[in-house]
Amino acid sequence: DYVVQPIVEVSPPKWHLGHTTWFFETFVLSNDHSYSNYNPDFNFVFNSYYESVGKRVVRTDRGNLSRPSVDEVFKYRSYVDENMERLFAEQSIGLDILNLIELGLNHEEQHQELLLCDIKYILGNNPLLPVYSDFEEHPVGEENNWITIAKGKYEIGYAGNDFHFDNEKGRHPVWLEEFQIAQELVSNKEYLEFIEDGGYQRFEFWHAEGWNWAKECNVRAPEYWHYQNGKWMNYTLSGLREINPDALLSHISFYEASAFAEWKGMRLPTEFEWEVAHENLKLGKRWEWTNSAYLPYPGFLKKEGAIGEYNGKFMVNQMVLRGGSIATPFGHFRPTYRNFFHSNLRWQYTGIRLAQKQFS
């Protein structure tokens, strides 16, 4: 289980453990000339995408890393932890290093969420569909209401002094027309109606790219759904279960979310609408697809060096998600937090919130 990589986006658990350790070794401890790297090869093995740090294992090959062993990775982690504790014991740590440590902690929390989603994908594609835990994945949806937001000028982006990522910076005004947005997310029952009405066979609801994706990949239902003996079943971390129609929909792509909204005669909200309306919404259960491309805010500047590679270079061909999910660490539930993925991806806990079309 520690080594399996079913698709390119899903990293083996062993790699997550090594990579989050590597971050502290590379960006924090290596600033101390007295520090001795645990293994010089690990920079090649556990670098993720930092071009300025050197060569790395191709992402598709992370699952081929039978070595270093799991035991060796845990030894590596202990070694770096001990040296971090030594650093904390020092009387003076510069602000630049403190900022790197804070970024590293938030980076590791991001990987905690990715790790849970990756474990689910690894086990969910094991033919035995094994049980991981008794973790409850699907909170029951509640009666939906529509929230009306008045037209006007609103401020978007992070304001404050607490930790935030660079893609949240650049607070700026936007003008929004009046809109209505659903208070609750879409349920399995609602999505089943889309499936039963031929939603995956009717091109008129889909973007051309999404329609081609659904046909080429033979997509007929959300990730982890299986039609068996006349029933829809769903793989969860607690095993294969019959679909609960009243539970919240999960593991859906942007293509599917957009097609479902079109079928309903509605649309997905923009990330700006979502941010303005968030205090009135029921949040924290699924990452919510928005109809906004992942782009920089006004005045966005990438930092020099490797840290500048953290977000900026991914601002192309991806869509923004907002809100957080049941797998998201608590400290990452910010109304300005901008998650982002390619339109076809659905291994994360993603869902759908609808907005009303403003023009007929």
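Figured I'd write up the structure that's included with this text. (Residues numbered from 1 in each chain as written. Predicted model: local features only at pLDDT ≥ 70, side-chain atom pairs only at ≥ 80, totals over all residues. Heavy atoms only, no water.)

**Some remarks on the nonpolar core**
Phase 1 of the analysis: Counting 77 residues, the largest nonpolar core has Y191, F194, W206, W289 and I352 as the members making the most contacts within it.
Phase 2 of the analysis: No other element matches the 10 residues that helix α4 (residues 95-124) contributes to this core.
Phase 3 of the analysis: Ranked by size, the runner-up nonpolar core spans 11 residues in total, among them I149, V174, L176 and W274. (Core = buried A, V, L, I, M, F, W, Y, C linked by side-chain atoms within 4.5 Å. Buried < 20%, exposed > 50% of the residue type's maximum accessible area, 1.4 Å probe, protein only. Helix = DSSP H or I, 4+ residues; strand = E, 2+ residues; numbered from the N terminus.)

**As for the layout of surface pockets**
Phase 1 of the analysis: Quantified by volume, the largest pocket comes out at close to 900 Å³.
Phase 2 of the analysis: Lining the largest pocket are 36 residues, and of these Y49, R59, L114, F340 and F341 sit closest to its centre.
Phase 3 of the analysis: Listed by contribution, the elements that provide at least two residues to the lining of the largest pocket are α1 (13-27), α4 and β11 (339-341).
Phase 4 of the analysis: Top element by residues in the lining of the largest pocket is α4. It accounts for six residues.
Phase 5 of the analysis: Among the residues making up the lining of the largest pocket, the classes are represented as 16 nonpolar, 13 polar and seven charged. (1 Å grid on protein atoms, 1.4 Å probe; cavity = no way out; pocket = protein on both sides within 12 Å on 5 of 7 lines; lining within 4 Å. Points joined across faces, edges and corners; volume = space filled by probe spheres on them. Nonpolar A, V, L, I, M, F, W, Y, C, P; charged D, E, K, R; others polar.)

**Here's the deal with the pattern of salt bridges**
Phase 1 of the analysis: Under the criterion given, the structure shown has 15 salt bridges.
Phase 2 of the analysis: Among the ionic pairs, R77 bridges to E108, the shortest N-O distance being 2.4 Å. Placement of R77 in helix α3 (residues 70-89) and of E108 in helix α4 is noted, with a sequence separation of 31 residues between them.
Phase 3 of the analysis: Of the charged contacts in the structure, one is a salt bridge between R338 and E271, with a shortest N-O distance of 2.9 Å. You can see R338 sitting in the loop between β10 (319-322) and β11 and its partner E271 sitting in helix α8 (residues 271-277), a full 67 residues away along the chain. Exposure class is identical for R338 and E271. Each is buried.
Phase 4 of the analysis: It is possible to trace a salt-bridge network through shared partners that takes in E271, E275, R322 and R338. (Salt bridge = Lys/Arg side-chain N within 4 Å of Asp/Glu carboxyl O.)

**A word on the packing of aromatic side chains**
Phase 1 of the analysis: Applying the stated criterion to the full structure yields 35 aromatic pairs.
Phase 2 of the analysis: A centroid spacing of 5.3 Å and a plane angle of 55 degrees characterise the contact between Y38 and Y79, whose relative ring orientation is tilted. Within this pair, whereas Y38 is found in the loop between α1 and α2 (42-46), its partner Y79 is found in helix α3, the two being separated by 41 residues in sequence.
Phase 3 of the analysis: For the pair W206 and W211, a centre-to-centre distance of 6.5 Å together with 55 degrees between the ring planes defines the contact as tilted.
Phase 4 of the analysis: Cluster of aromatic residues (ring-pair linked, three or more members): Y191, F194, Y200, F203, W206, W211, W225, Y227, W232, F260 and W263.
Phase 5 of the analysis: One residue, R62, lies across the ring of W15, its end atom 3.6 Å from the ring centre. (Phe/Tyr/Trp six-rings, centres within 6.5 Å; stacked < 30°, edge-to-face > 60°. Lys NZ or Arg CZ within 6 Å of the ring centre and 35° of its normal.)

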